[in-house]
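Here are the chains, one letter per residue:
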Amino acid sequence: MDAPLLALARRPAGSTTETVAAENMRQLIQLRWIAVAGQTIAILFVHYGLGVALPVAEMLGVALLLAATNLLATLARQRHHVREREVMLALLVDMGVLTLQLYFSGGAGNPFISLYLLQVVLGAILLEAASAAVLGAATALSYALLSVRSVPLRLPPELAAGGVDLFAIGRWISFVMVATLLGMFIIRIIRNLRARDAHVADLRQHAAEEEGIVRMGLFASGAAHELGTPLGTLSVILADWRRVPSIRQDDQLAGEVDEMVGEVQRCKAIVSDILHSAGQPRGEAMESLAAAAFLDAAVAEWRAPHMPVPLAYDRAGAAGVVIAADPALRQAIWNLLDNAAEVSPDGIWLDATIEDEMLAIVVRDSGPGFAPAALGKVGTLYQSTKGVGHGLGLFLASNTMRHLGGRLEARNRESGGAEVRLLLPLVNAGAR
């Protein structure tokens, strides 16, 4: 007879015991219906097709009992959380159904007795050690009972006289079934373990990046506090210089002093932003903004201190869309522009377009591009061709995009230079 087919559901990283048990139960319920159909077809074929006398009413009643149990399990799963003991109970029910079907069809002499191995293996996979031991003991006891008591399986004389060994065929079919199902389960175990390991490695990488961000944030906050005093001193000195007659009368010196005052004020504004950001919970400053206006402001602020670097700016493709942004996104764009300007002082490009319901902010340069070994690690902590301690701009930009629900992509252009893309989800993109 066909044994109830069981699915394997391993515990994914970060899931709870209840979630794993519910997933196991869901797959048990689905595949039990296949078992009910398979048992019914096998009983009717053997009895009416091959002419082997079977207690059809009793065996179909067992299949009907399994179907009724499955209906109850479906209702119970919808009403409350599934726990491991309920999964163990379900496996015991499956083992009991198999025992009854074997009892009515030859007992331990039935070639499908080896399907008990599936029960033991699946119990070891799906259950904790104590529960698996209980299932194993119940299976061993059932096998022993079938060895001493069962309904004999008598073959019709015409089959016995025809030289067809149905028991040998049954043993072969049973072997193929057990080998196939165990192979499927083991392959699934390996696939799930690999997926879990990859997920854990990804979580560890993210944790390391978050730790790096926290360290940099603490360092930046401390540095901002320390820089406040010297910047204040420079501001006072420059104000005094402005009142010196010799400087006021020299247009060149007066212009340079005014430029230094502007740079000091810019440094003070940056320090104030750092301290303000350090005092805010992450995401508090996020708001929905028109993409075009946001990019215009970011580009205008970057251009002011970088006038010698030509910037070709085109955001026509982003007109009329809204994005969720915060100050970190503006800083991420500035970091990309700074990197591009450093390697391509003759000119850089910034375009904004819509791709697959996402805003693509593309920064291109005509520099040497990324080294092949570094291209696959763009955005990871301290991965840079400039040496140890560099690469923070791309790292911070990548983490900013992840927190905003987007991603960072990088590639080398065929015509030379590099291209870095920031992909951001649109607000209410489905309504466009």
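The numbering scheme is per chain: residues are counted from 1 as the chain's sequence reads. Only residues with pLDDT of 70 or above have their local features reported here, since the model is predicted, and side-chain atom pairs are shown and tallied only from 80 upward, although totals for entire chains, interfaces and linings are computed over all residues. Side-chain descriptors were evaluated using all non-hydrogen atoms of the structure, hydrogens and water having been removed beforehand.

Enquirer: Help me out: how do you make sense of the overall build of the protein in this one?
Expert: Secondary structure elements are defined from DSSP: runs of H or I of at least 4 residues count as helices, runs of E of at least 2 residues count as strands, and each element is numbered from the N terminus. The number of helices and strands found in the protein is 13 helices and seven strands. We call a residue buried when its accessible area falls under 20% of the maximum for its residue type, exposed when it is over 50%, and partly exposed in between, using a 1.4 Å probe and counting protein chains only. Here the protein holds 432 residues, and the buried ones make up 36% of them. Looking at the protein as shown, the accessible area adds up to about 23,300 Å², and 62% of this sits on carbon and sulfur atoms. Note on areas: Shrake-Rupley with a 1.4 Å probe; residue coverage comes only from the protein chains shown.

Enquirer: Would you take a moment to explain the packing of helix α4 (residues 116-126) against helix α5 (residues 129-148) for this structure?
Expert: In helix packing, the relevant descriptors are the interaxial angle and the interaxial distance, both defined with respect to the helix axes. Two elements in contact, α4 and α5, have axes separated by 8 Å at closest approach and are oriented at 170°. With respect to their mutual orientation, α4 and α5 come out roughly antiparallel. For the pair formed by α4 and α5, the contact residues are Tyr116, Gln119, Val120, Gly123 and Ala124 on the first element and Ala132, Leu135, Thr139, Ser142, Tyr143 and Leu146 on the second. Axes, fitted as lines to C-alpha atoms, cover a helix only where it is in contact. Angles between the N-to-C directions of the axes lie from 0 to 180 degrees. Roughly parallel refers to an angle under 35 degrees, roughly antiparallel to one over 145, roughly perpendicular to one between 65 and 115, and oblique to any angle outside these ranges. Contacts are assigned to residue pairs with any non-hydrogen atoms lying within 4.5 Å of each other.

Enquirer: How do you make sense of the sheet that holds strand β6 (residues 407-412) when you look at a structure like this?
Expert: The pairing of strands in a sheet happens through backbone hydrogen bonds and is either parallel or antiparallel. For two strands to count as paired, DSSP must find a minimum of two bridges between them. Strand order in the open sheet formed by five strands is β2-β4-β5-β7-β6, with mixed pairing between adjacent strands. Each edge of the sheet is formed by a strand with only one pairing partner; in this case those strands are β2 (311-314) and β6. If you compare each strand with its neighbour and ignore which way they point, the axes differ by 20° on average. In the sheet, strand β4 (residues 348-355) pairs with strand β5 (residues 358-364) via seven bridges, with the strands oriented antiparallel. Considered in β5, the bridge of Leu350 is made with Val363. Helix α10 (residues 291-303) rests against β2, β4 and β5 of the sheet, and its axis sits at about 170° to β2.

Enquirer: Before we go on, may I ask you to explain the pattern of salt bridges in this structure?
Expert: Opposite charge on two side chains permits pairing when their charged atoms draw close. We count a salt bridge whenever a side-chain nitrogen from Lys or Arg sits within 4 Å of a carboxyl oxygen from Asp or Glu. Following the criterion strictly, the structure yields nine salt bridges and no others. A salt bridge links Arg364 to Asp351, with the nearest nitrogen and oxygen atoms 2.6 Å apart. Taken together, the positions of Arg364 in strand β5 and Asp351 in strand β4 put the pair 13 residues apart, joining distant regions of the chain. Comparing Arg364 with Asp351 shows no difference in burial state: the two are buried. Measuring nitrogen to oxygen at the nearest pair gives 3.6 Å for the salt bridge that ties Arg421 to Glu409. Here the residue Arg421 occupies a position in strand β7 (residues 418-425), and Glu409 occupies one in strand β6, the gap between them amounting to 12 residues. Take Arg421: its relative accessible area is 15%, and that puts it in the buried class. Residues participating in the shared-partner salt-bridge network are Glu355, Arg407, Glu409, Arg411, Glu419 and Arg421.

Enquirer: How do you make sense of the environment of Leu126 when you look at a structure like this?
Expert: Relative to the assigned elements, Leu126 resides in helix α4. The class for Leu126 is buried, based on a relative accessible area of 10%. Taking C-alpha positions, Leu126 is 9.7 Å from Leu91, a pair spaced 35 residues apart along the chain.

Enquirer: What is the right way to look at the nonpolar core in this model?
Expert: When a protein is soluble and globular, its nonpolar side chains tend to lie buried together. Ranked by internal contacts, the top residues of the largest apolar core, which has 38 residues, are Ile323, Leu329, Ile333 and Leu359. Residue assignment for this core shows that the elements contributing at least two residues are α10, β3 (322-325), α11 (327-343), β4, β5, α13 (392-403) and β7. Among the elements that make up this core, the one with the highest residue count is α11 (eight residues). When residues no more than four places from it in sequence are discounted, the contact partners of Ile323 are Glu287, Ser288, Leu289, Ala291, Phe294, Leu329, Leu359, Leu424, Pro425, Leu426 and Val427. Leu28, Val87, Ala90 and Leu146 belong to the second-largest nonpolar core, a separate cluster that totals 28 residues. The definition of a nonpolar core used throughout is a set of buried Ala, Val, Leu, Ile, Met, Phe, Trp, Tyr and Cys residues joined through side-chain atoms within 4.5 Å.

Enquirer: Would you mind showing me how to read unusual backbone geometry here?
Expert: In this structure, Asp356 is a non-glycine residue whose phi angle is positive, near 50°. Structurally, Asp356 can be placed in the loop between β4 and β5. For Asp356, a relative accessible area of 75% translates into the label exposed. Located in the positive-phi region is Glu357, a residue other than glycine, with phi close to 60°. Along the chain, Glu357 turns up in the loop between β4 and β5.

Enquirer: Looking at this structure, how should I read a nonpolar patch on the surface?
Expert: Where nonpolar side chains cluster on the molecular surface, the patch consists of Ile169, Trp172, Ile173, Phe175 and Val176 and spans about 510 Å² of accessible area. Checked against the element boundaries, Ile169 lands in helix α7 (residues 166-242). Here the term patch refers to residues with relative accessible area over 30% and no salt bridge, with like charges joined within 9 Å and nonpolar side chains (Val, Leu, Ile, Met, Phe, Trp, Tyr) within 5 Å.

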